[in-house]
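Listed below are the residues making up each chain.
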Amino acid sequence: MSNYIPNPDAVQMDMLRAIGYSEMSELFADIPEALRVGPLDLPVGMSELGVRRAVSAMAASNTVFPTIFRGAGAYRHYIPAIVKTVVSKETFLTAYTPYQAEVSQGVLQAIFEYQSEICMLTGMAASNASAYDGASAAAEAAAMCRDRKRAHTLIAASLNPDTIATVETYSRAADAPVSMLPVQNGTLDIDALRGMIGADVSSVIVQSPNYYGLIEDWAAISEICHAAGAKLIAVCNPIALALYKTPGECGADIAVGEGQPLGMPLGFGGPYLGFMACVKGMTRQLPGRIAGLTVDADGRRCFVLTLQAREQHIRREKASSSICSNEALCALTATAYLAAMGPQGLRQTAEQCYAKAHYAASALAAAGFPIRHDAPFFNEFLTECPVDADKLARRLETEGMLGGLPVDGGILWCVTEMNTRDEIDRLAAACEEVRRHG
Amino acid sequence: MADALSALTALNKEDVPLVFERSVPGARTDMLPPLDVPESLPDAALLRSEPPLLPELTEGEVSRHFSALERRAFGVNNGFYPLGSCTMKYNPKINEEMAALPGFADVHPLQPERTAQGCLAVIARLEGMLREISGMDAMSLQPAAGAHGEFTGVMMIKAYHERRGDGKRRTKMIIPDAAHGTNPASAAMNGYTVVTIPSDANGCVDVAALRAAVGADTAGLMLTNPNTLGLFDPNVAEITGIVHGEGGLCYYDGANLNAIMGITRPGDMGFDVVHLNLHKTFATPHGGGGPGGGAVGCKAFLSEYLPKPGVADNGGSLTFDNDTPLSVGKVRAFYGNFLVCVRALCYLLTLGREGVPQAASNAVLNANYLMRRLADPDEFAHNRACMHEFVLSMKKLKAETGVSALDLAKGLLDKGMHPPTMYFPLIVEEALMFEPTETESRATLDAAAEAFRALVKQARDNPDSLHTAPHAAPVRRPDEVRAARTPILRRET
């Protein structure tokens with residue numbers, strides 16, 4: 001058992017006596033006896049080696065798949081070695097929010113660099129320092145768009161279901177209405193949007209590539225939104241942004257997304273990184289921390305947390321959000337990842353995702369798993385599933401493969417730069433075998 | 001030990017260029033092998049018009065850049081960090097190693113539950129330990145941070161009243177003026193009208209004011225105990241009883257749990273919902289502002305309102321349970337900041353049943369020791385034993401010398417320690433809030449006290465030297481007004 005307390009018992013007693021007490025319990029005199037608790041029902045503390053053994057055994061009881069063809073909101077990409085080195089640096093790890101700018105320039109500058117890179121990726125004017133994850137970032141974005149006259153959020157049904165559920169939760173809390181926009185052939189039904197958008201609509205949320213991996217027409221959607229006085233919230237995949245038209249180019253007002261692909265491990269779902277960026281006119285509605293460039297008393301370039309009049313510690317119940325702690329270390333991870341990959345490396349990653357996913361889609365179609373939608377896709381796609389999905393999953397597991405996710409009666413596959421041609425060929429062969437022989 | 005507080009001298013005084021300013025066109029490190037399938041590209045009409053202007057660097061330059069930035073930052077590893085309300089305790093390294101195990105880090109959140117039993121066991125085990133520590137019956141690890149836990153917990157209170165057909169009339173959340181800003185902000189995100197009640201001089205709830213404020217329109221009360229002045233409110237049972245008497249629920253902000261874990265429990269004080277900060281009380285690193293963990297717990301009668309999904313034990317095999325129709329819903333994707341939860345579990349397995357109250361006792365001892373060593377009694381916002389933190393008011397010093405709490409904080413930087421929290425709680429003028437935590441040695445506390453007393457003397461002898469502090473830090477008093485008036489939030493391109 002360790003408790004990380006550097007003062008041995010005898011020193012503790014000396015300290016107590018030095019300030020006029022004789023027993024530790026005297027320090028707790030304000031706590032009524034009736035509220036004291038006896039020994040807790042917790043296990044006896046363990047040594048470091050004991051913890052290592054116990055927790056390693058828990059980790060060992062999970063299956064780590066050498067090959068993964070599943071995404072749906074969590075993506076396995078290559079993480080350069082330097083990224084892990086940077087984010088393991090003890091000072092970055094153990095610092096608090098950079099309230100004291102004089103001793104936090106390293107953290108603040110890294111946030112500024114992160115914000116700059118998010119703006120470059122999304123084509124937006126301003127970014128915050130991060131939100132909890134992509135789903136809650138979308139929910140916060142919907143809140144940014146609401147005002148007294150407009151509070152209704154329209155969500156494309158082609159969004160990731162966790163994002164939809166999170167936006168619904170946040171909106172329900174705010175007593176703000178939410179409606180689903182129907183999907184046709186895997187993408188938003190634009191005619192339905194034209195029919196549903198009205199003077200009460202504050203924002204429309206559209207993800208591209210969407211949950212099925214398909215590319216949505218943000219440019220056409222933003223025109224419809226703006227003509228009706230509503231905002232477009234574009235939910236994006238940061239790897240795809242290396243290739244595809246940006247939310248900024250398409251006229252979106254806010255871009256949000258899950259930043260996990262930028263150097264974060266799968267980690268059973270967290271911690272991840274919600275990124276949020278917006279057009280210039282909405283900067284002061286952004287929730288959470290924002291770093292800005294300024295000069296110090298001696299004229300040196302430096303960085304501070306800024307526009308804090310939006311935030312809970314100043315505005316309290318009038319703040320744009322209650323967010324305080326964010327995902328700073330994950331934002332640092334993304335910054336290090338983007339620096340390590342560079343523009344060519346990121347583009348190469350996106351191109352490989354695209355090419356390998358399209359190779360896999362053809363191979364799976366040839367194996368009897370035809371693709372369901374004909375719209376353009378990035379690196380995820382939905383195929384029909386002519387076999388029992390659970391049976392297929394178990395067969396793929398014997399190959400060390402986590403197969404696609406069963407969705408809407410089909411299978412949602414994800415292929416990244418991590419998947420080799422050999423893996424894809426083996427996947428297709430296994431699928432064909434299950435289809436032919438069960 | 002004179003060098004207990006010398007960390008600042010190691011900071012990098014040289015300006016570090018922006019990562020973009022280090023960029024050399026064409027510089028790169030190959031990360032990926034060549035494409036092994038036929039090349040193909042999206043339709044040109046779908047492509048972005050120009051590539052993002054990301055920096056182009058070799059790996060060695062990336063390494064230099066972030067190492068240079070690290071030397072312009074200050075962490076718990078560098079020195080004393082008594083930032084009040086933030087519980088900047090030591091972050092054990094075994095926890096980092098365990099969170100990085102491939103058996104956790106490389107597990108997909110949507111892989112079949114039968115292949116992720118170890119992850120589910122981490123969640124179930126940590127939930128169980130946190131239930132015991134908080135005195136709650138049910139727990140969810142989903143919220144990503146303390147404020148996210150507050151948002152979730154208040155939503156549960158709202159769902160409870162609505163379920164009882166009482167939602168329309170219970171529109172008010174009572175919050176003391178000493179509360180963290182996240183409390184009223186989280187209440188407002190749930191559509192509640194915030195009723196602010198005054199605290200007494202000790203930061204405790206003004207019971208008469210509470211009685212006057214509570215009524216049939218009360219949804220609940222949000223309270224931090226020990227309060228933000230670092231004092232345990234001895235009337236807490238009466239306070240929660242008053243709220244319950246009118247049909248309201250009581251929310252416990254766990255920011256200050258470090259003082260009392262293993263000593264007393266929010267559940268026993270009468271609270272119905274609680275959030276715990278894994279990144280404060282349970283030693284997970286703050287990461288420069290996150291990720292955190294904001295576990296939310298509740299009494300049995302509220303358990304069906306917890307966020308989705310919960311973990312269920314089906315006779316030895318663990319599954320996610322989404323069949324909870326009264327749940328407030330999903331508050332984020334997947335299941336919470338899982339790798340943060342791994343760290344917190346390691347910490348609790350290490351401390352165990354003896355270590356938990358020892359940590360609390362020593363957090364309180366260190367705070368009282370520092371308080372008595374640091375200042376003259378007339379500078380205390382109160383004059384009695386504190387819990388894990390205490391607040392000084394520099395009002396008198398400022399009146400006498402012109403030296404403010406801000407000036408003293410900046411002066412402390414020159415002494416090589418991170419300053420305490422400034423200007424919070426709002427009910428204390430010129431506040432400085434110190435929270436040393438249990439992981440500081442007597443030598444460090446003595447050195448900090450000596451440094452602070454020297455600064456107070458300096459304030460009387462040479463106040464101007466403090467108005468212009470810090471003198472040893474890499475930069476000095478950034479122009480915050482300029483930053484806010486003409487915001488530059490990204491590299492100009």
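Model, not experiment: these values are computed from the prediction.

Enquirer: Can you tell me about the packing of aromatic side chains, naming the residues and giving the values?
Expert: Summed over the entire model, instances satisfying the criterion amount to 21 aromatic pairs over all chains. Centre to centre, the rings of Phe268 of chain A and Phe338 of chain B are 5.2 Å apart; their planes meet at 75 degrees, and the pair counts as edge-to-face. Of the two residues, Phe268 of chain A sits in the loop between strand E9 (254-258) and strand E10 (274-278) while Phe338 of chain B sits in helix H10 (residues 338-374), which places them in two different chains. With relative accessibility at 1%, the residue Phe268 of chain A sits in the buried group. A network of ring pairs unites the aromatic residues Phe268 and Tyr272 of chain A together with Phe104, Phe320, Phe334, Tyr335 and Phe338 of chain B as a single cluster.

Enquirer: How would you explain the interface of chain B and chain A if you had to name every residue and give the values?
Expert: Contact with chain B, which involves 199 residues of that partner, is made by 179 residues of chain A. Between chain B and chain A lies a buried interface of about 16500 Å² when both sides are counted; carbon and sulfur atoms form 63% of it. Three residues, Leu32, Arg48 and Leu489 of chain B, lead the burial of chain B against chain A; their summed loss comes to 5% of the area buried on that side. Joining chain B to chain A, the criterion identifies twelve salt bridges. Between Glu102 of chain A and Lys410 of chain B there is a salt bridge, with its nearest N and O atoms 2.7 Å apart. At the junction of chain B and chain A, the tally comes to 97 residue pairs in polar contact (both at pLDDT 80 or more).

Enquirer: How would you summarise the pairing of strand E10 (residues 390-393) of chain B if you had to cite specific residues and measurements?
Expert: Residue and element names in this part refer to chain B. Neither face of E10 is exposed, since Phe390 and Leu392 on one face and Val391 and Ser393 on the opposite face are all buried. Of the strand pairs in this sheet, E10 and strand E12 (residues 431-434) are connected by four bridges, and their pairing is antiparallel. Paired with Leu392 across the two strands is Leu432, which belongs to E12.

Enquirer: I'd love a proper account of the packing of helix H5 (residues 105-122) of chain A against helix H11 (residues 328-366) of chain A, names of residues and values included.
Expert: All names here are of chain A. With their axes 9 Å apart at the nearest point, H5 and H11 run at an angle of 45 degrees to one another. Classified by the interaxial angle, the pair formed by H5 and H11 is oblique. Here the hand of the crossing between H5 and H11 comes out left-handed. Across the interface between the two elements, Ala110, Glu113, Tyr114, Glu117 and Leu121 from H5 touch Ala331, Leu332, Ala334, Thr335, Leu338 and Leu346 from H11. Across the contact of H5 with H11, the residue classes break down as eight nonpolar, one polar and two charged.

Enquirer: Account for the pattern of salt bridges, with residues named and values stated.
Expert: Within this structure, the stated rule accounts for 46 salt bridges over all chains. Residues Asp175 of chain A and Lys158 of chain B are paired through a salt bridge, measuring 3.2 Å at the closest nitrogen-oxygen approach. Pair noted here: Asp175 of chain A is in the loop between helix H7 (161-173) and strand E4 (178-181) and Lys158 of chain B is in helix H5 (residues 146-163), and the two residues belong to different chains. Here Asp175 of chain A falls in the exposed class, since its relative accessible area comes to 54%.

Basis of the calculations
Counting starts from 1 at the beginning of each chain's written sequence and moves along it residue by residue. In the order they appear in the text, chains get letters beginning with A and ligands get numbers beginning with 1. Side-chain atom pairs in this predicted model are given and counted only at pLDDT of 80 or more, local residue features only at pLDDT of at least 70, and totals for whole chains, interfaces and linings cover all residues. Computation of side-chain values covers all heavy atoms of the structure but excludes hydrogens and water. Centres within 6.5 Å make a pair out of two Phe, Tyr or Trp rings, where for Trp the six-membered ring is used; the pair is then stacked when the planes are under 30 degrees apart, edge-to-face when over 60, and tilted otherwise. Elements are defined by DSSP. Helices are runs of H or I of four residues or more, strands are runs of E of two residues or more, and each kind is numbered from the N terminus. Burial status follows relative accessibility: with a 1.4 Å probe on protein chains alone, a residue under 20% of its type maximum counts as buried, one over 50% as exposed, and anything between as partly exposed. Residues are treated as being in contact if the distance between any of their heavy atoms lies within 4.5 Å. Values labelled buried area give the accessible surface lost by two parts on being combined, using a 1.4 Å probe and summing over both. A pair is scored as a salt bridge if a Lys or Arg side-chain nitrogen falls within 4 Å of a carboxyl oxygen belonging to Asp or Glu. Nitrogen and oxygen atoms within 3.5 Å of one another constitute a polar contact, given that in protein one can donate a hydrogen and the other can accept it, and given that sequence-neighbouring residues count only through two side-chain atoms. The pairing criterion for strands is at least two bridges between them, as found by DSSP. The convention used is that axes are lines fitted to C-alpha atoms, helices contributing only their stretch in contact, and that angles between N-to-C directions extend from 0 to 180 degrees. Roughly parallel here means an angle under 35 degrees, roughly antiparallel means over 145, roughly perpendicular means 65 to 115, and every remaining angle is called oblique. Should the near helix be turned anticlockwise from the far one by less than a right angle, the crossing is termed left-handed; should it be turned clockwise, right-handed. For this classification, Asp, Glu, Lys and Arg are treated as charged, while Ala, Val, Leu, Ile, Met, Phe, Trp, Tyr, Cys and Pro are nonpolar and the rest, including Gly, are polar.

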